[in-house]
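One letter stands for each residue in the lines below.
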Amino acid sequence: MAHASDPLEPIPSSTPVAAIENQDRVVGKLFAVLLAGEFAAFHRLIEESAMAPDVPGKIAIARLAASEVGHFDRLAERVETMTGLTAAEAVERYRSIFDQYHRATTPKTWYEALVKAYVGDGLAADFYVELSDMLPPDSRSVMAEVMAETANSAFARDQVRAAVEADPSIKSALVLWGRRLLGEAITHAQWVLAAEEEVTDLLFSGASSLSGVARFLDAVAAKHATRMADLGLD
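This write-up is about the structure you can find in this document. (Residues numbered from 1 in each chain as written. Predicted model: local features only at pLDDT ≥ 70, side-chain atom pairs only at ≥ 80, totals over all residues. Heavy atoms only, no water.)

1. Quick look at the environment of Ala-76
- Along the polypeptide, Ala-76 turns up in helix α2 (residues 55-83).
- Looking at Ala-76, the relative accessible area reads 13%, which means it is buried.
- Taking the C-alpha atoms as reference points, Ala-76 and Gly-28, 48 residues apart in sequence, are found 9.8 Å from one another.
- When near neighbours in sequence (up to four residues on either side) are disregarded, Ala-76 contacts Leu-35 and Ala-87. (Helix = DSSP H or I, 4+ residues; strand = E, 2+ residues; numbered from the N terminus. Buried < 20%, exposed > 50% of the residue type's maximum accessible area, 1.4 Å probe, protein only. Contact = heavy atoms within 4.5 Å.)

Below, the structure written as structure tokens:
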């Protein structure tokens, strides 16, 4: 149960100022979720880089991880300002959901790790594209910065495409792996939205929450299919 001292405790919205403050607090809660995701992604990338067969691969994954740290720091500033939570408090609040996702999607091969890196980066970019119009204008630039697809993920795409072309026998397993990644991502996104009704109401206020969420997830799934084709896994 939330207490009065909880920085995420709802505040009255009877005045315009209070309404704006409440909206900022809810957006801050969304940013706290994303912050925990960046934290988890960084540590998983470092762990999975151990599968890289050569130095160029390790460098590429290190660059992806460095991008996550930059995004983490940018989000941490906004979360503290908007909610009063420190970065550590925000991570602790939501990390279990992301830990469960990563446990369910632990790659067994280097190419599975590359597909996961590319798909994960793409899902973040797609998340921003689908939600940007639903956010207050002053929050869109932050989302654009931290959810944008990074150039570093092109390495993963090129490596997977080359591997599939050289050995088509690995394609079927990677296609199934990509589907699993999407399925787990959608499942865990639904858990977050179910747990944070205020965030769901803010993002999908133009329609009923259930239909709005369904359309959002359908759009992300369609973009995922395009990204799998980019990997040569259509």
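2. Some details on the nonpolar core
- By size, the foremost hydrophobic cluster in this structure holds 62 residues, and its most contacted members are Phe-31, Leu-35, Val-115, Val-160, Leu-231 and Leu-233.
- Of all the elements, helix α1 (residues 16-48) adds the most residues to this core, at eleven residues.
- If sequence neighbours within four positions are ignored, Val-160 has contacts with Tyr-111, Leu-114, Val-115, Leu-174, Leu-231 and Leu-233. (Core = buried A, V, L, I, M, F, W, Y, C linked by side-chain atoms within 4.5 Å.)

3. What about the environment of Thr-187?
- When you line up the elements, Thr-187 lands in helix α7 (residues 171-195).
- Residue classification places Thr-187 among the partly exposed residues on the basis of a relative accessible area of 29%.
- Along the chain, Thr-187 and Tyr-101 lie 86 residues apart, while their C-alpha atoms are 8.8 Å from each other.

4. A word on the packing of aromatic side chains
- By the definition in use, this model includes one aromatic pair.
- For the pair Phe-39 and Phe-72, a centre-to-centre distance of 6.4 Å together with 45° between the ring planes defines the contact as tilted. Of the two residues, Phe-39 sits in helix α1 while Phe-72 sits in helix α2, which places them 33 residues apart along the sequence. (Phe/Tyr/Trp six-rings, centres within 6.5 Å; stacked < 30°, edge-to-face > 60°.)

5. Overview of the pattern of salt bridges
- Applying the stated rule across the entire model yields six salt bridges.
- Among the ionic pairs, Arg-95 bridges to Glu-92, the shortest N-O distance being 3.7 Å. Here Glu-92 and Arg-95 lie together in helix α3 (residues 87-104), a separation of three residues that amounts to about one turn.
- Classification of Arg-95 by relative accessible area gives partly exposed; the value is 30%. (Salt bridge = Lys/Arg side-chain N within 4 Å of Asp/Glu carboxyl O.)

6. Comments concerning the packing of α3 against α7
- The interhelical angle for the contact between α3 and α7, taken along N-to-C directions, is 165°, at an axis separation of 10 Å. As far as their axial angle goes, α7 and α3 are roughly antiparallel. Of the two elements, α3 crosses α7, and the hand of that crossing is right-handed. Only Arg-180, Leu-181, Glu-184, Ala-185, His-188, Trp-191 and Val-192 of α7 make contact with α3, whose side of the interface consists of Ile-97, Gln-100, Tyr-101 and Ala-104. (Axes fitted to C-alpha atoms, helices over the stretch in contact; angles between N-to-C directions. Parallel < 35°, antiparallel > 145°, perpendicular 65-115°, else oblique. Left-handed = near helix turned anticlockwise from the far one by under 90°.)

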